[in-house]
Amino acid sequence: MVTGKWELNKANVVANEWVSRDVKRITLLSPGIAATASPGQFVNVKVNSTYAPLLRRPFSLNRIDKDKGTISLLYKLVGEGTELMAELETGDLLDVLGPLGNTFSIEEDCGDSIFVAGGIGVAPFYPLARLLLQLGQKVTCIMGARCREDINELDELRALGVNVLCATEDGSEGMRGLVTDVLRAHLRSTKCSMAYACGPNPMLAAVKAVCAEHQTPLQLSLESHMACGIGVCLGCTCKKGPEEGYVHVCKEGPIFWAEEVAL
Amino acid sequence: MSSKQSAGSTQQGISQQPPAASGQDKRQATSDNLLSTNLFGIKMNSPLMSASGTYGYGKEFANFYNLSMLGAIVVKGITMKPRAGNSGQRLVETPAGLINSIGLENPGVEGFLVQEMPFLRESGVPVIVNISGNTPEEYAALAERLDGEAGIHALEVNISCPNVKQGGMAFGASCDMAAAVTADVRKRTRLPIIVKLSPNVTDIASIARAVEAEGADGISLINTLLGMGIDIRNKKPYLDNTFGGLSGPAVKPVALRMVWQVAGAVNIPIVGMGGISTWQDAVEFYLAGASAIAIGTANFFNPLAVPEIIEGVKAYLHSEGMQHIGELVGAARPK
Ligand SMILES: Cc1cc2nc3c(=O)[nH]c(=O)nc-3n(C[C@H](O)[C@H](O)[C@H](O)COP(=O)(O)OP(=O)(O)OC[C@H]3O[C@@H](n4cnc5c(N)ncnc54)[C@H](O)[C@@H]3O)c2cc1C
Ligand SMILES: Cc1cc2nc3c(=O)[nH]c(=O)nc-3n(C[C@H](O)[C@H](O)[C@H](O)COP(=O)(O)O)c2cc1C
């Protein structure tokens, strides 16, 4: 175990359970990471000790339980790495590095906040919601998915006290349509002082446009193909906003102000 | 550490004997005689370095271990002017490998000196600056600019970057070009120069001989192998530049073969790299004739690669009854 700004440890798997048809939540005993982590940060995990796959896989912190010393990751099975992760059982060890990256910016005396989550992009929002609710803020979360079966964390966020609105492509949960339709309607009726979004880049670009119309400040949680997670390989870039050049998702991010980046 | 020690040094070759312990030297305190090495006139705590572009400028790894176990930190490639790097997706994972198209993103030589050198100087670890240019003149001007800068111990001349449109790998592809860059750099700096060769050539030994003849103090190899990947959904190459550089365990057999060939062709020390991820890999490179080795892609998936490899090599030397790592260098070669 290495401790410093970042911890590197072989964490005990406490639980690894199905949440929906292709999404699991893995809970790891990692008191060091839990102690220093904040909402928005991520970890980089090596799913096994072989060269297949070679690289670590980055995941947002979906739960940070400082009392129990655990962290959880909500992950969608999309390929080799996540499928191997899904096989882990309670008591197995997982090589985890973190907490990495920056955190969501919080304004203490803020009014209402709005989250926009596309698919598995809901992952980083639970710890953020807890923090904002503790500060006495009102939180609304718009969740987008193809259909009801692909919606995660609905009950958990509601139980926290979040006002959850859904948009599904087939109308099987909430409104039929896109998250941006719900967002536009919401911003028309309710003044929000801060928006937070996580999901596929095309969705983030659309959310950015809607928030700009309503002059709502927006923070984005970005993804990019990543290797080291600690800022040395310079691989995980996103184009900067109006300026030339690139930001690095692992180092300057993963959370950016919408104006900082061009999606 | 001041630059005095290396500037003007012409000492070549690896000393087979451990240097005498000198109590005064801060680095000696943590050194281990089994591994301490004198290479390019630089006193190194071990013949093990970071590979350029996989270690940033050292800071991040100080989170995980004491950097003084390294023989030198080889920093990310530096150019005269800052470079933003390449557009689009920059990384493609392959079986046991990684294709990168970073495009030499760096803050430029002045940015490097101001932003990164203070930490590196403070660390006390010898620094080797990896340099690139679009023309031989640009390499030479960079070499001159870095000459005499405190804390810089050697230059690694990158004539093998596959990710820039001009220069880069083109200079490493022919004996004439490689020789020309080496000669120009040699004239403009007193720092030891290590020329980093490209594996994307048909006859690596002749290129190694050409740079040796122009006064290179050492050779490092390999840089990345030219590779590509195609996204079968978009039906387009993943990388905007189409090709990128393949590194990691997948390239190790090729790298080892090239180190072997070059070791048979030149008399200057070789820094071997390419896929080294375990102490066993490291031992193979020393046995093939590398006086030192560098760890690259392994740093990404295992931040403790450096200390683990060092510990493993030490244990191996003990178990083999060897007194110093120099005994290992080239030991697999025909006598
Ligand atoms: C900061 C950050 C936080 C993330 N948080 C989460 C999370 O909380 N939950 C979650 O399920 N996923 C998250 N991801 C994405 C997750 O890292 C990838 O889904 C995972 O690495 C895929 O690994 P794999 O081996 O299963 O799939 P692979 O076989 O590697 O890839 C499957 C598909 O996913 C794409 N892909 C792989 N890695 C990435 C990446 N880093 N960004 C975008 N596309 C990628 C590939 O191109 C391919 O199309 C996050 C990514 C980043 C950068
Ligand atoms: C992301 C990345 C960036 C690199 N950047 C540089 C560079 O700036 N200059 C250079 O000479 N080599 C660069 N290299 C090449 C490495 O230093 C090394 O030669 C190569 O990766 C083979 O070693 P490895 O398989 O251990 O990584 C880079 C490699 C990677 C993976």
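Quick caveat: nothing in here was measured; it's all calculated off a predicted structure.

Draft legend 1. Spotlight on the overall build of chain B. Along its length, chain B carries nine helices and 16 strands. Within chain B, buried positions represent 55% of all 335 residues. Partitioning the contacts of chain B with sequence separation of at least 6, the portion at a separation of at least 24 is 72%.

Draft legend 2. Focus on the overall build of chain A. Looking only at helices and strands, chain A features six helices and 16 strands. Seen through its C-alpha atoms, chain A measures out along the principal axes to roughly 50 × 40 × 35 Å. Within chain A, contacts between residues at least 6 apart in sequence are counted, and of these 63% link residues at least 24 apart.

Draft legend 3. Focus on the interface of chain B and chain A. Taken together, the contact between chain B and chain A spans 25 residues of the former and 26 residues of the latter. The leading source of residues in the side of chain B that touches chain A is strand β6 (residues 97-100) of chain B, at three residues. Each residue belonging to the side of chain B that touches chain A can be placed in one class, and the counts come to 13 nonpolar, eight polar and four charged.

Draft legend 4. Geometry of the sheet that holds strand β15 (residues 270-272) of chain B. Residue and element names in this part refer to chain B. Spatially, eight strands are ordered β3-β16-β15-β10-β9-β8-β7-β4 in an open sheet, and the strand pairing comes out parallel. Two strands lie at the open edges of the sheet, namely β3 (48-50) and β4 (73-74), each paired on one side alone. Bridge analysis of β3 against strand β16 (residues 292-295) gives three bridges, and the strand direction is parallel. Each bridged residue has a counterpart across the sheet, and for Met49 the counterpart in β16 is Ala294.

Draft legend 5. Focus on the site of ligand 1. Residue and element names in this part refer to chain A. Surveying the vicinity of ligand 1 reveals 23 residues, the closest of which are Ser60, Gly79, Gly81, Thr82 and Ala123. Taken together, the elements giving at least two residues each to the shell around ligand 1 come down to β4 (57-60), β6 (70-76) and α2 (80-86). Here the residues of the shell around ligand 1 sort into 13 nonpolar, six polar and four charged.

Draft legend 6. Just the sheet that holds strand β2 (residues 23-29) of chain A, in detail. Residues and elements named next belong to chain A. As summarised here, the arrangement of the seven strands in space is β4-β3-β7-β1-β2-β6-β5, forming an open sheet in which the pairing is antiparallel. Edge positions in the sheet fall to β4 and β5 (63-65), since each has one partner strand and no second. Each strand of the sheet is rotated relative to its neighbour by a mean of 35°, with strand direction disregarded.

Draft legend 7. Seen up close, the site of ligand 2. Around ligand 2 sit 28 residues, and of these B:Ala51, B:Gly53, B:Gly77, B:Ser247 and B:Gly296 come closest. Each of chains A and B places residues next to ligand 2.

Draft legend 8. Seen up close, the domain arrangement of chain A. All names here are of chain A. Per the domain assignment, the segments of chain A are domain 1 (7-100) and domain 2 (113-221). Its C-alpha centre places domain 1 at a distance of 24 Å from the equivalent point of domain 2. Listed per partner, the contact involves 13 residues of domain 1 and eleven residues of domain 2. Listing elements by their share of the side of domain 1 that touches domain 2, those giving two or more residues are β1 (7-20), β5 and β6. Within the side of domain 1 that touches domain 2, the residues separate by chemical class into six nonpolar, four polar and three charged.

Draft legend 9. Spotlight on helix α9 (residues 305-319) of chain B. Residues and elements named next belong to chain B. Along its 15 residues, α9 runs 21 Å from first to last C-alpha, staying within 8% of the 21 Å computed at 1.5 Å per residue. Within α9, burial applies to Ala305, Val306, Ile309, Ile310 and Val313. Projected onto a plane normal to the axis of α9, the buried residues spread over an arc of 125° and lie on a single side. In α9, the exposed positions angled more than 90 degrees off the buried face are occupied by Ala315, His318 and Ser319. As for α9, its buried residues are in contact with β3, α7 (279-288), β16 and α8 (298-301). Looking at the residues trailing α9, positive phi occurs at Gly321, about 70°.

Draft legend 10. Just the confidence of the model for chain B, in detail. All names here are of chain B. On average, residues of chain B carry a pLDDT of 90, and 90% of them reach 70 or more. Note on residues 1-31: pLDDT is under 50 here. Beyond four places in sequence and across chains, it has 55 contacts. Quick note on the complex model: pTM equals 0.93, ipTM equals 0.95.

Draft legend 11. Molecular detail of unusual backbone geometry. Look at the link from A:Gly98 to A:Pro99: it is a cis peptide, with omega at -5°. Here A:Pro99 lies in strand β7 (residues 93-100). One non-glycine residue, A:Leu234, lies in positive phi territory at about 65°. In this structure, A:Leu234 sits in the loop between β13 (218-221) and β14 (237-239). Its identity as a non-glycine residue notwithstanding, B:Lys235 has a phi of 55°, on the positive side.

Draft legend 12. Structural detail: helix α5 (residues 179-189) of chain A. Residues and elements named next belong to chain A. Those residues of α5 lying buried are Val179, Thr180, Val182, Leu183 and His186. Projected down its long axis, α5 carries its buried residues within an arc of 155°, all on one side. Exposed and oriented more than 90 degrees from the buried face of α5 are Arg188 and Ser189. Contacts from the buried residues of α5 go to β8 (113-118), β9 (139-145), β10 (163-168), β11 (175-176) and α6 (201-213).

Draft legend 13. Spatial organisation of the environment of B:Tyr139. Residue and element names in this part refer to chain B. Of note, Tyr139 is situated in helix α3 (residues 136-146). Given 28 C-beta atoms within a 10 Å radius, Tyr139 is considered buried. When the C-alpha atoms of Tyr139 and Ile193 are compared, they prove to be 12 Å apart, with 54 residues separating the residues in sequence. With residues up to four places along the chain from it excluded, the contact list for Tyr139 reads Ile131, Gly133, Val157, Val181, Asp184 and Val185.

Draft legend 14. How the structure looks around the environment of A:Gly40. Residue and element names in this part refer to chain A. Counting through the fold element by element, Gly40 comes out in the loop between α1 (31-36) and β3 (42-46). Taking the C-alpha atoms as reference points, Gly40 and Asn102, 62 residues apart in sequence, are found 6.8 Å from one another. Once residues lying within four places of it in the same chain are set aside, the contact partners of Gly40 are Asn102, Thr103, Phe104, Pro124, Leu128, Ser221, Pro254 and Ile255.

Thresholds, definitions, all that
- Residues numbered from 1 in each chain as written.
- Chains lettered and ligands numbered in written order.
- Predicted model: local features only at pLDDT ≥ 70, side-chain atom pairs only at ≥ 80, totals over all residues.
- Helix = DSSP H or I, 4+ residues; strand = E, 2+ residues; numbered from the N terminus.
- Buried ≥ 20, exposed ≤ 12 C-beta atoms within 10 Å, placed from the backbone.
- Contact = placed C-beta atoms within 7 Å.
- Nonpolar A, V, L, I, M, F, W, Y, C, P; charged D, E, K, R; others polar.
- Pairing = 2+ DSSP bridges.
- Near = placed C-beta within 6 Å.
- Axes fitted to C-alpha atoms, helices over the stretch in contact; angles between N-to-C directions.
- Domains from an automatic or database assignment.
- Expected span 1.5 Å × (residues − 1).
- Arc of directions from axis to C-beta.
- pLDDT = per-residue confidence, 0-100.

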